[in-house]
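# Commentary on secondary and tertiary structure
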Amino acid sequence: MREDESDTGVRLPSIPLSPLRAVLRRMAIAAAIVAAMFALVAMDLDGYRDTADGKVSLLDALYYVTVSISTTGYGDITPVSAEARIVNIVAVTPLRIAFLVVLVGTTLEVLTRRTRDAIRIERWRARLHDHTVIIGYGTKGRAAIRTLLENERTPDSIVVVDPQPAMIDEATADGFVGVVGDGTRSHVLNRARIGTAREVIVATQRDDTSALVTLTARSLNPTATIVAAVREAENDPLVRQSGADVVITSSEAAGRMLGVATQSPAVSTLIEDFLAYGKGLDLLERAVAPEEVGKSPTACDEIVVAVVRGREVMTYADPRVSTLLAGDRLVVIHVPPPE
């Protein structure tokens with residue numbers, strides 16, 4: 001299996017089982033098997049013979065069960081009657097096998113889990129398309145995922161890539177598929193099925209890493225929408241040249257918000273309201289309705305703040321969008337209905 005096809009590093013969400021609970025469960029099963037076998041022997045003590053004194057007591061029966069169930073079998077106590085031998089064939093031997101299965105249960109569980117995970121991963125690969133790949137599960141990555149979920153995206157449509165196993169453990173605990181690895185490596189992004197992704201969000205900690213991740217992602221998927229975050233505005237052109245459709249300058253955006261808040265707290269509150277989706281005023285992008293074609297943006301029912309024509313974003317006051325055309329997309333202020 002080639003490196004880019006390996007499932008190593010892919011982690012699917014699962015319900016963790018406490019190690020203590022797993023051990024206690026195995027011990028309970030083993031004790032139940034011993035008790036069942038002891039009960040079968042105790043019901044027919046006369047059917048067994050002890051080479052020491054010829055008689056079998058309850059203590060002898062318990063001794064016989066312990067040495068027999070562990071397949072030690074010293075031969076000092078043996079079934080002699082037809083009924084006892086039938087019980088050994090029909091019940092004791094299956095119980096002995098079941099007890100051995102419990103003893104090697106850890107190994108079997110590991111093998112079973114690996115097989116089960118391999119099957120789950122193959123099923124996941126087969127149905128995964130038009131998904132969103134989040135590269136970086138830090139503060140920015142988590143915030144992006146929260147917004148996607150608020151916009152009716154489902155957890156199974158999101159794949160997280162991060163080089164730190166602890167971050168991927170958190171992602172899978174939150175219900176997302178995680179891939180451990182460096183997002184600048186092609187084989188790591190291929191594990192996240194980036195070739196069939198619809199959107200890629202680059203939320204790494206360093207701007208140079210963001211540029212490399214964007215370049216790699218764009219080479220693997222020429223059509224996906226790639227959104228990248230950078231800390232410094234001077235790195236914006238570099239990341240755009242690497243293939244990003246949208247670049248967000250996080251540090252300068254935060255600085256501008258701080259400046260606005262000092263000069264106009266009301267404006268700052270309004271901007272914060274726009275950023276919190278579903279909690280007040282929302283900025284939405286939608287296709288122009290057939291009845292809106294040929295009209296001015298000001299004639300629409302909703303407040304239009306921009307028009308997207310092709311790949312160009314123009315404000316509502318731009319003379320080129322005085323008449324809306326079929327195929328335009330509108331950025332509008334959505335006011336939720338009163339409760």
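Residues numbered from 1 in each chain as written. Predicted model: local features only at pLDDT ≥ 70, side-chain atom pairs only at ≥ 80, totals over all residues. Heavy atoms only, no water.

### Details of the confidence of the model for the chain
- Put simply, the chain has an average pLDDT of 81, and 79% of its residues get 70 or more.
- The low-confidence segment residues 1–6, where pLDDT is below 50, has nine contacts with residues more than four positions distant or belonging to other chains. (pLDDT = per-residue confidence, 0-100. Contact = heavy atoms within 4.5 Å.)

### Focus on the sheet that holds strand 5 (residues 158–162)
- In space, the seven strands of this open sheet follow the order 1-6-5-4-7-8-9, with mixed pairing throughout. Each edge of the open sheet carries a strand with a single partner, namely strand 1 (10–11) and strand 9 (246–249).
- Here four bridges tie strand 8 (residues 225–230) to strand 9, and the two strands are oriented parallel to one another. The partner of Val230 across the bridge, within strand 9, is Thr249.
- With respect to the sheet, helix 8 (residues 207–220) is in contact with strand 4 (132–135), strand 7 (199–202) and strand 8, its orientation differing from that of strand 8 by roughly 170 degrees. (Pairing = 2+ DSSP bridges. Helix = DSSP H or I, 4+ residues; strand = E, 2+ residues; numbered from the N terminus. Axes fitted to C-alpha atoms, helices over the stretch in contact; angles between N-to-C directions.)

### With respect to the environment of Glu199
- With respect to the helices and strands, the residue Glu199 is situated in strand 7.
- For the pair Glu199 and Val133, spaced 66 residues apart in sequence, the C-alpha to C-alpha distance is 6.4 Å.
- Ignoring anything within four residues of it in the chain, the contact list for Glu199 reads His131, Thr132, Val133, Arg153, Ala224 and Thr225.
- One polar contact links Glu199 to Arg153, side chain to side chain, over a distance of 2.8 Å. (Polar contact = N/O pair within 3.5 Å; in protein donor to acceptor, adjacent residues only side chain to side chain.)

### What to know about the pattern of salt bridges
- The full count for this structure, using the stated rule, is 12 salt bridges.
- For Glu199, the salt bridge identified is with Arg153, shortest N-O distance 2.8 Å. Taken together, the residues span a long stretch of sequence, with Glu199 in strand 7 and Arg153 in the loop between helix 5 (139–150) and strand 5 at a distance of 46 residues.
- Its salt-bridge partner being Glu199, residue Arg198 comes within 3.6 Å of it at the nearest N-O pair.
- According to the relative accessible area criterion, Arg198 is partly exposed, its value standing at 40%.
- Among the residues examined, Glu199 registers a relative accessible area of 23% and is labelled partly exposed.
- One continuous salt-bridge network, built from bridges that share partners, spans Arg153, Arg198 and Glu199. (Salt bridge = Lys/Arg side-chain N within 4 Å of Asp/Glu carboxyl O. Buried < 20%, exposed > 50% of the residue type's maximum accessible area, 1.4 Å probe, protein only.)

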